[in-house]
Amino acid sequence: MKKKSLLIILLIILLLIICGLIFYFKNPTRLNGEEKRWINDNISNIQNINIINDVNIFGNIGAGVYYSFLDDFTKEYEIKFNPITINNEEQSTNLSLTVGNTLPDNALNFYTDHYVLVSKKNESITNIQNIKNKKIGILKKDSEYVKKYLSFLEGNTFTEYANADELIKGLSGSSVDSLVIPRIEYINLILANNFTINYHFSDLTRNCFIKDESNSTLFQILKKFYTKWEETSLEDKIYAEELK
């Protein structure tokens, strides 16, 4: 009886060891040999990375969720970064933390935001079909994307604006009665001007992402680190930046 119990215990221990080994080697966040060597070879080097600098809580004047992500990466692996700021209009093929309406090849989706319908007054809009006969202000760079999505709605007209300042002035001065803009990028301006979000276009997405067309080793390491960081830190970092 004792031998049988001992055999069962040994089998359980062996099974646990096998499961542990499988988890270790199949763990998607585990660095491979090449990635570990890259870190050891680059601890004393500073890595250039593009960071978009006009997207509110994700990147704005050297602060935001993207910067927190890189700070935590540095604490984990001792790799230091030189952030090169870019704006919404700039395109780069190099390693970048940026935003866009579509997710390009060799990109990791960091966070998915969406567009919202913003007005000066509160309106009870529960169905997208009720958005009609409106004068809508949109950013020129988003024009094709937004118009295509809203093309099935009746009677709406669109006015394009070159930048955020002109967009806000358009609604404040009643040149338009609504705006369709990305939620997170403009939440500070929405609040500052006492505007109201009247509808969320959940399918009209705006992606925050990491990309690198060269698919570098550093990019692969960042993606693995993000998998862990998303679970433990992303929500808290977004909340902290929203409070600011």
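Relevant structure appears above.
1. Here we look at the pairing of strand 6 (residues 157-161)
Each regular strand shows side chains that alternate between the opposite faces of the sheet. Bridge count between strand 5 (residues 135-139) and strand 6: five bridges; the pairing is parallel. Within strand 6, the position partnered with I136 by the bridge is F158. Remark: the strand 5/helix 4 (residues 143-150)/strand 6 crossover connection has right-handed handedness.

2. Brief notes about the packing of helix 2 (residues 33-42) against helix 7 (residues 217-243)
Viewed as axis vectors pointing N to C, helix 2 and helix 7 meet at an angle of 105°, and their least axial separation amounts to 10 Å. Between helix 2 and helix 7, the crossing angle belongs to the class labelled roughly perpendicular. Contacts from E34, E35, W38 and I39 of helix 2 reach helix 7 at T217, L218, Q220, I221 and K224. Its residues placed into classes, the contact of helix 2 with helix 7 shows four nonpolar, two polar and three charged.

3. Side note on the nonpolar core
Ranked by internal contacts, the top residues of the largest apolar core, which has 36 residues, are F58, Y66, F69, F73, F110 and L222. Among the secondary structure elements, those contributing two or more residues to this core are helix 2, strand 1 (46-52), helix 3 (65-77), strand 2 (80-86), strand 3 (96-100), strand 4 (107-119), strand 8 (196-211) and helix 7. The leading source of residues in this core is helix 7, at nine residues. In contact with F73, not counting residues within four places along its chain, are E78, I79, F81, L218, I221, L222 and F225.

Parameters at a glance
Residues numbered from 1 in each chain as written. Predicted model: local features only at pLDDT ≥ 70, side-chain atom pairs only at ≥ 80, totals over all residues. Heavy atoms only, no water. Pairing = 2+ DSSP bridges. Helix = DSSP H or I, 4+ residues; strand = E, 2+ residues; numbered from the N terminus. Right-handed = clockwise from strand over helix to strand, strands pointing away. Axes fitted to C-alpha atoms, helices over the stretch in contact; angles between N-to-C directions. Parallel < 35°, antiparallel > 145°, perpendicular 65-115°, else oblique. Contact = heavy atoms within 4.5 Å. Nonpolar A, V, L, I, M, F, W, Y, C, P; charged D, E, K, R; others polar. Core = buried A, V, L, I, M, F, W, Y, C linked by side-chain atoms within 4.5 Å. Buried < 20%, exposed > 50% of the residue type's maximum accessible area, 1.4 Å probe, protein only.

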